[in-house]
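# Chain and residue survey
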Amino acid sequence: MAYEFDFSFLADHWPRLLQGLWLTLAMSGLSTVLGFLIGVTGAIASRYGSPAARRVAYVYVEVVRNTPLLVQVFLLYFGLSSIGLRLPVFATAVIALSINIGAYSTEIIRAGIESIAPGQIEAAECLGMSQSQIILRIVLQPALERVFPALTSQYVLLMLATSVTSQISAEELTGIGNLIQSETFRSFEVYGIVALCYIALSLVVRAGLFGFGLLAFPRRRRLGTDL
């Protein structure tokens, strides 16, 4: 094999890689927040909502979880533009990722809600707490604490899934890597560096979520429970 490795292109292209890395973080951060809010809303609707709300939540989760993320991105970007509604690439990517992760968050949080013992809810009702107080204080907080490790893993996967948006010309990390590769023809080196960047990003995101979990759930911090 006569292939010679050459990383000299980094001298000219590292600012673009940093730009793509930052866009990946921004995209995944916004999508995580929006997806979490969608997940909480969907889980509450599926557990405590009216029959119509439960049906809507069920259909939403099943449709999103049984279609590829790439198809969802294309549907929003190309599908909406074909009917005259063209969204910016970044906005389309964030909306698609939020809708996607929202469905998975809904199921994870719903499982956490269903793990709460009925006796705790009955005790809260005996104390005269309203349904909204019971949901927020008795059900939702401990449910989120229990499923936080699963949510953490899902949000790390979301960050990696941002690479799919390069297919609609989003200049995140993979998109920038594609552009640099097409200019330098150093496929192995470019994608090797991109892969290392994703590994570093995964560690950073996981550490950030771990720290957030310690702040949000003091009991885990006191018990030393892994998140």
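What counts, and at which threshold
- Residues numbered from 1 in each chain as written.
- Predicted model: local features only at pLDDT ≥ 70, side-chain atom pairs only at ≥ 80, totals over all residues.
- Heavy atoms only, no water.
- Helix = DSSP H or I, 4+ residues; strand = E, 2+ residues; numbered from the N terminus.
- Contact = heavy atoms within 4.5 Å.
- Salt bridge = Lys/Arg side-chain N within 4 Å of Asp/Glu carboxyl O.
- Phe/Tyr/Trp six-rings, centres within 6.5 Å; stacked < 30°, edge-to-face > 60°.
- Buried < 20%, exposed > 50% of the residue type's maximum accessible area, 1.4 Å probe, protein only.
- Lys NZ or Arg CZ within 6 Å of the ring centre and 35° of its normal.
- Expected span 1.5 Å × (residues − 1).
- Bend = angle between axes of the 7 residues up to and from the residue.
- Patch = residues over 30% accessible without salt bridge, like charges linked within 9 Å, V, L, I, M, F, W, Y side chains within 5 Å.
- Areas by Shrake-Rupley, 256 points an atom, 1.4 Å probe, with all protein chains shown as cover.
- Core = buried A, V, L, I, M, F, W, Y, C linked by side-chain atoms within 4.5 Å.

## Thoughts on the side chain of Ser98
- By the secondary structure assignment, Ser98 is in helix α4 (residues 89-114).
- Leaving out residues up to four positions away in the same chain, Ser98 has contacts with Leu30, Ser31, Leu34, Gly35, Ile38 and Tyr60.

## Quick notes on the pattern of salt bridges
- In the structure shown here, the tally under the stated rule is six salt bridges.
- A salt bridge links Arg65 to Glu107, with the nearest nitrogen and oxygen atoms 4.0 Å apart. In this pair, Arg65 is assigned in helix α2 (residues 51-65) and Glu107 in helix α4, connecting sequence segments 42 residues apart.
- Three or more residues are tied together by salt bridges with common partners; here these are Glu62, Arg65, Glu107, Arg110 and Glu114.

## A closer look at the packing of aromatic side chains
- Taken as a whole and assessed by the stated rule, the structure comprises five aromatic pairs.
- Here Phe148 and Phe217 contribute two aromatic rings whose centre-to-centre distance is 5.4 Å and whose plane-to-plane angle is 70°, an arrangement assigned as edge-to-face. Taken together, the positions of Phe148 in helix α6 (residues 131-161) and Phe217 in the loop between α8 (187-216) and α9 (218-223) put the pair 69 residues apart, joining distant regions of the chain.
- Phe148 sits in the buried class, given a relative accessible area of 7%.
- Judged by relative accessible area, which is 8%, Phe217 ranks as buried.
- Through successive ring pairs, a cluster of aromatic residues spans Phe74, Tyr77 and Phe78.
- The positively charged end of Arg47 is found above the aromatic ring belonging to Tyr48, 5.3 Å away from the centroid.

## Details of α6
- Given a rise of 1.5 Å per residue, 31 residues ought to cover 45 Å, yet the end C-alpha atoms of α6 are separated by just 37 Å, more than 12% below that figure.
- Helix geometry: α6 is bent most strongly at Val147, by close to 55°, with proline Pro149 lying one to four residues after it.

## Some details on a nonpolar patch on the surface
- On the surface, Tyr3, Phe5, Phe7 and Phe188 cluster together into a nonpolar patch covering about 450 Å² of accessible area.
- Mapped onto the fold, Phe5 is located in the segment before α1 (10-48).

## Focus: the nonpolar core
- Core analysis: the biggest nonpolar cluster contains 47 residues, and Leu17, Ile109, Ile113, Leu151 and Leu173 have the highest contact counts within it.
- Looking at which element gives the most residues to this core, the answer is α6, with 13 residues.
- Once you skip the residues sitting within four places of it in the chain, Leu17 turns out to touch Leu10, Leu173, Ile176, Ile180, Ile193 and Val194.

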